[in-house]
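Close look at the chain arrangement
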Amino acid sequence: MEIIDAVILGIIQGLTEFLPVSSSGHLELGKAILGSDAIPEESLMFTVVLHFATALSTMVIFRKDILEIIKGIITSITTLKWTEESKFSLKIIVSMIPAVIIGYKYERVFEQLFGNNILLVGAMLIVTALLLFLADRAKKTHKKVSLADGFIIGIAQGIAMLPGISRSGATISTSVLLGIDKTKAARFSFLMVVPLIFGKIAKDVLSGELTYSSTSFTYLSVGFIAAFVSGLFACTWMIALVKKSKLTYFAIYCVVVGVIAIIWTQI
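Before going into details, it helps to say that this report is about the structure given with it. Keep in mind that this is a model prediction, so the values were computed, not measured.

Observations concerning the environment of Asp136
Looking at where Asp136 falls in the secondary structure, it is placed in the loop between helix H6 (118–135) and helix H7 (147–159). On the accessibility criterion, Asp136 (10% relative accessible area) is buried. Expressed as a C-alpha distance, the spacing of Asp136 and Leu19, which sit 117 residues apart in the sequence, is 14 Å. Excluding residues that lie within four positions of it along the chain, Asp136 makes contacts with Lys182, Ser245, Lys246, Leu247 and Thr248. Looking at Asp136, its side chain comes within polar contact range of the side chain of Thr248, at 2.6 Å.

A short note on the packing of aromatic side chains
Scanning all chains against the criterion turns up eight aromatic pairs. The interplanar angle of 35 degrees and the centroid separation of 6.1 Å between the aromatic rings of Phe52 and Phe224 together place this pair among those described as tilted. In this pair, Phe52 sits in helix H3 (residues 43–61) while Phe224 sits in helix H10 (residues 217–243), placing the two residues 172 residues apart along the sequence. What makes Phe224 partly exposed here is its relative accessible area of 24%. Geometrically, the ring pair formed by Trp237 and Phe250 is edge-to-face, given 5.9 Å between the ring centres and 65 degrees between the ring planes. Pair noted here: Trp237 is in helix H10 and Phe250 is in helix H11 (residues 247–266), with a separation of 13 residues, a long-range link. Each residue in the set Phe52, Phe198, Phe224 and Phe228 is aromatic and connected to the rest through ring pairs, giving one cluster. A cation over a ring is seen here: Arg187 above Phe88, with NZ or CZ 4.5 Å from the ring centre.

Things to note about the pattern of salt bridges
Summed over the entire model, instances satisfying the criterion amount to three salt bridges. Between Arg167 and Glu17 there is a salt bridge, and its shortest N-O distance comes to 3.8 Å. Placement of the pair is Arg167 in helix H8 (residues 167–177) and Glu17 in helix H1 (residues 3–18), with a sequence separation of 150 residues. In terms of burial, Arg167 and Glu17 fall into one category: buried. Salt-bridge contacts for Asp65 lead to Arg187; the nearest nitrogen and oxygen are separated by 2.6 Å. Taken together, the residues Asp65 in helix H4 (residues 63–79) and Arg187 in helix H9 (residues 182–207) connect sequence positions 122 residues apart.

A word on unusual backbone geometry
Here the phi dihedral of Leu80 falls at roughly 60 degrees; this positive angle occurs in a residue that is not glycine. Relative to the elements of secondary structure, Leu80 occurs in the loop between H4 and helix H5 (84–113). Residue classification places Leu80 among the exposed positions, given a relative accessible area of 76%.

Overview of the side chain of Thr128
Relative to the assigned elements, Thr128 resides in helix H6. The class of Thr128 is buried, set by a relative accessible area of 2%. At a separation of 3.2 Å, a polar atom in the side chain of Thr128 contacts the main-chain amide nitrogen of Ser166. If we skip the residues at most four places from it in the chain, Thr128 touches Pro20, Gly164, Ile165, Ser166 and Cys254.

Quick notes on the packing of H6 against H8
It is the contact of H6 with H8, at a shortest axis distance of 9 Å, that shows an interaxial angle of 35 degrees. The two elements H6 and H8 meet at a crossing, and its hand is left-handed. Of H8, the residues touching H6 (which contributes Leu131, Leu132, Leu134 and Ala135) are Gly169, Ala170, Ser173, Val176 and Leu177. In terms of residue class, the contact of H6 with H8 is made up of seven nonpolar, two polar and no charged.

So, the packing of H7 against H9
Contact geometry for H7 and H9: axes closest at 12 Å, N-to-C directions at 65 degrees. Classified by the angle their axes make, H7 and H9 are roughly perpendicular. Of the two elements, H7 crosses H9, and the hand of that crossing is right-handed. Contacts between H7 and H9 pair Gly150, Ile153, Gly154 and Gln157 from the former with Phe188, Met192, Val193 and Leu196 from the latter. Here the residues of the contact of H7 with H9 sort into five nonpolar, three polar and no charged.

The rules we used
- Residues numbered from 1 in each chain as written.
- Predicted model: local features only at pLDDT ≥ 70, side-chain atom pairs only at ≥ 80, totals over all residues.
- Heavy atoms only, no water.
- Helix = DSSP H or I, 4+ residues; strand = E, 2+ residues; numbered from the N terminus.
- Buried < 20%, exposed > 50% of the residue type's maximum accessible area, 1.4 Å probe, protein only.
- Contact = heavy atoms within 4.5 Å.
- Polar contact = N/O pair within 3.5 Å; in protein donor to acceptor, adjacent residues only side chain to side chain.
- Phe/Tyr/Trp six-rings, centres within 6.5 Å; stacked < 30°, edge-to-face > 60°.
- Lys NZ or Arg CZ within 6 Å of the ring centre and 35° of its normal.
- Salt bridge = Lys/Arg side-chain N within 4 Å of Asp/Glu carboxyl O.
- Axes fitted to C-alpha atoms, helices over the stretch in contact; angles between N-to-C directions.
- Left-handed = near helix turned anticlockwise from the far one by under 90°.
- Nonpolar A, V, L, I, M, F, W, Y, C, P; charged D, E, K, R; others polar.
- Parallel < 35°, antiparallel > 145°, perpendicular 65-115°, else oblique.

Right, dumping it as structure tokens:
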């Protein structure tokens, strides 16, 4: 693996984890373009490191929100009363249920869909484009996320395990189509994925499938930094774009890349 490959894959992960264009789909496209030799033998370790980087970038951007949530939970425990923060935490937990069930039950199925399945990626990018196009035309509201909304958004997050379906695109679009305020939708979408990422990382670590060698330290470090820095930029940018209803541009991008990916498989 070349250092430039680690940088490219790190940037792809950092940008596409937050921008509604599918990180998994773009990583598959990136691997196809760079070639299988560009991926280290410790590919699972590399993937885990990139996801850890984007999770940290989320926590940095939403550090005040996370701190308030923690304080609210502590207050609820000590006073035995519900706070807005503890209610929000419950909604996050509810949103995780569908994704955990779908991931646990169909993990092997999803794994088989990865591995240069460019045709599927192209088709799912077009589906993502449709979701973004519909969400960008939703009316502005001030509605907050309810428990029921959280569960439905969680289903969207579970479906987004398919390569080519954008997690942020699916969850934000679903939220907006449910009538939720766009800013609140983006905030909920980004915060709800943090516990899932750390849960997945813990599962991979405990599985014993991670492999590491001292020679891969440089690539892992470079990939981590690239994903973290680009993640900070993408997360901040995405929040601003959602507020301004600029998702149509990403819808067009997803259609273009999706069509190119489909054509690629026919050449």
